[in-house]
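Structural description and commentary
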Amino acid sequence: MSGHSKWHNIQAKKGKTDAARGAIFTKIGRELTVAAKGNPNPDTNSKLADVIAKAKAANMPNDNIKRIISKASGEGADKDYKEVTYEGYGVGGSAVMIRTLTDNVNRTVSGIRSTMSRYGGEMGNSGCVAYMFDNKGVIVIERTVELDEDTMMEYCLDCDADDFVAEDDVYEITTTPEKFSSVRKYFEDKGIEFLEAEVKMVPQSYIDLTPEKLGTFRKMLDKLDENDDVQEVYHNVNMPDDEEEEE
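Each residue is numbered by its place in its chain's sequence as written, counting from 1. A pLDDT threshold of at least 70 governs which residues receive local features in this predicted model, and a stricter bar of 80 or more applies before side-chain atom pairs are shown or counted, although totals over entire chains, interfaces and linings include all residues. Derived side-chain values reflect all non-hydrogen atoms in the structure, with water molecules and hydrogen atoms excluded from consideration.

**So, the overall build of the chain**
In terms of regular secondary structure, the chain is built from eight helices and eight strands. Within the chain, the proportion of its 247 residues that are buried is 45%. Long-range contacts, defined as pairs at least 24 residues apart, comprise 70% of the intrachain contacts of the chain with a sequence gap of at least 6. Under the scheme used here, helices are H or I runs from DSSP no shorter than 4 residues and strands are E runs no shorter than 2 residues, and both carry numbers assigned from the N terminus. Throughout this description, buried means an accessible area under 20% of the type-specific maximum (1.4 Å probe, protein chains only), exposed means over 50%, and partly exposed covers the range between. In what follows, residue pairs with any heavy atoms lying within 4.5 Å of each other are defined as contacts.

Right under this line is the structure:
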């Protein structure tokens, strides 16, 4: 969520309770539904293939993925979701972008505005913070003995990835949104699994908040995440590795 390739953040996502993991699956399921409409074949629908990769990285069972795609392409696809991104500010002048998929814009706007206001933030006009972010494809892969840094560098050059960062436990590959599908497929064809794989808004720089404001900011993120219409929240706040998640 912070844009950093922080392995602990990915571990935290994968280690969530069954209820929290179910909420994540619901959100990804909505993305699958939208992507599969009109063309349920990931071989010819790169957007759907991208969302499937995201679902697998989140450990969504294959049966769930297939069932959602099948329903989306049949008569059960009765919901018409619209993708809308909202912008605003959190405490301490933090920048926040909220990507939603909604079938009721008024409900979604009201819920987001209420949550941000409750925790010292406010919604802004379109473009108020978007210039602080870059839209990038991000792929995170576990670092193993078999997949050493030299091999990964060779792969990234071969598939024309934009950037490659080697950390202690993971590799983070970034691409343009346009090249994301081809780079993702390159690694999939090599049988490499992803810890994260999606196109996301990455902040150009980060800010630090005081411990008190950081706690408030975390509570706002948690509450936004509970909103079924909210798919992703992007922000420019440093989330310290040693901080425990707020309840």
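Picking up after the structure, the text goes on.
**Overview of unusual backbone geometry**
The phi dihedral of N59 falls on the positive side, at around 65 degrees, and the residue is not glycine. By the secondary structure assignment, N59 is in the loop between helix 3 (46-57) and helix 4 (62-72).

**What to know about the sheet that holds strand 5 (residues 163-166)**
Taken in spatial order, the four strands of this open sheet run 5-6-4-7, and their pairing is antiparallel. Where the open sheet ends on each side, the last strands, each with one partner, are strand 5 and strand 7 (196-203). Within this sheet the neighbouring strands show an average axis-to-axis angle of 30 degrees, counted without direction. Where strand 5 meets strand 6 (residues 170-175), four bridges bridge the pair, whose relative direction is antiparallel. Looking across to strand 6, one finds that V165 is bridged to E172. Two strands pair if DSSP finds at least two bridges between them. Orientation is described by lines fitted to C-alpha atoms, with helices fitted over the stretch in contact, and by angles between N-to-C directions that extend from 0 to 180 degrees.

**Some points on helix 6 (residues 149-158)**
Buried residues of helix 6: M152, Y155 and C156, and no others. Axial view of helix 6: buried residues confined to an arc of 95 degrees, hence all on one face. Of the residues in helix 6, the exposed ones pointing more than 90 degrees away from the buried face are D150, E154, L157 and D158. Of the surrounding elements, those touching the buried residues of helix 6 are strand 4 (133-142), strand 5, strand 6 and helix 7 (177-189). Pairs of N or O atoms within 3.5 Å make up the polar contacts considered here, provided that, within protein, one atom can donate a hydrogen while the other can accept it, and that residues adjacent in sequence are counted only when both atoms are side-chain atoms. Capping the start of helix 6, D148 holds a side-chain oxygen 3.2 Å from the backbone nitrogen of D150, two or three residues further along. Remark: D160 follows helix 6 within two positions and exhibits a positive phi of approximately 65 degrees. Think of the arc as the fan of directions from the helix axis to the C-beta atoms.

**Some words on the packing of aromatic side chains**
Two rings belonging to Phe, Tyr or Trp (six-membered ring only in the last case) form a pair when the distance between their centres is within 6.5 Å. Interplanar angles under 30 degrees mark stacking, angles over 60 mark edge-to-face geometry, and anything in between is tilted. For the structure shown, the criterion picks out four aromatic pairs. A ring pair is formed by Y155 and F187, whose centres lie 6.3 Å apart and whose planes are at 70 degrees; its orientation type is edge-to-face. Placement of Y155 in helix 6 and of F187 in helix 7 is noted, with a sequence separation of 32 residues between them. A relative accessible area of 19% places Y155 in the buried class. Between the aromatic rings of Y186 and F187, the centroid separation amounts to 5.4 Å while the plane-to-plane angle is 85 degrees, which identifies the pairing as edge-to-face. The pair Y186 / F187 is uniform in exposure class, with both members buried.

**Overview of the packing of helix 5 (residues 105-118) against helix 8 (residues 211-225)**
A pair of packed helices can be characterised by two numbers: the angle between their axes and the separation between those axes. Relative orientation of the contacting elements helix 5 and helix 8 amounts to 165 degrees, with a least axis distance of 9 Å. Our classification of the angle between helix 5 and helix 8 gives roughly antiparallel. Relative to helix 8, the crossing made by helix 5 is right-handed. Note on element contacts: helix 8 touches helix 5 through M220, K223 and L224, opposite I112, T115, M116 and R118. For classification, angles of less than 35 degrees are called roughly parallel, those exceeding 145 degrees roughly antiparallel, those between 65 and 115 degrees roughly perpendicular, and all remaining angles oblique. Crossing chirality is assigned from the near helix's rotation relative to the far helix, an anticlockwise turn below a right angle marking it left-handed and a clockwise turn marking it right-handed.

**Some points on the pattern of salt bridges**
A carboxyl oxygen of Asp or Glu within 4 Å of a side-chain nitrogen of Lys or Arg is what we treat as a salt bridge. Under the criterion given, the structure shown has 16 salt bridges. Between D162 and K179 there is a salt bridge, and its shortest N-O distance comes to 2.7 Å. Here the residue D162 occupies a position in the loop between helix 6 and strand 5, and K179 occupies one in helix 7, the gap between them amounting to 17 residues. In this structure, the salt-bridge partner of K223 is E226, at a minimum N-O distance of 3.3 Å. With relative accessibility at 28%, the residue K223 sits in the partly exposed group. Take E226: its relative accessible area is 53%, and that puts it in the exposed class. The network of salt bridges with common partners includes E31, K54, E83, R99, E198 and E232.

**As for the confidence of the model for the chain**
Confidence of the predictor at the level of single residues is given by pLDDT, which spans 0 to 100. Counting all residues, the mean pLDDT for the chain is 87, and 87% of those residues have values of 70 or more. Predicted confidence in the chain is weakest over helix 1 (residues 7-14), with a mean pLDDT of 49, and strongest over helix 5, with 97. The model gives residues 1-5 a pLDDT under 50, and that stretch makes 21 contacts with residues more than four places away or in other chains. Residue range residues 242-247 is modelled with pLDDT below 50. Its contacts to residues more than four positions away, or to other chains, number eight contacts.

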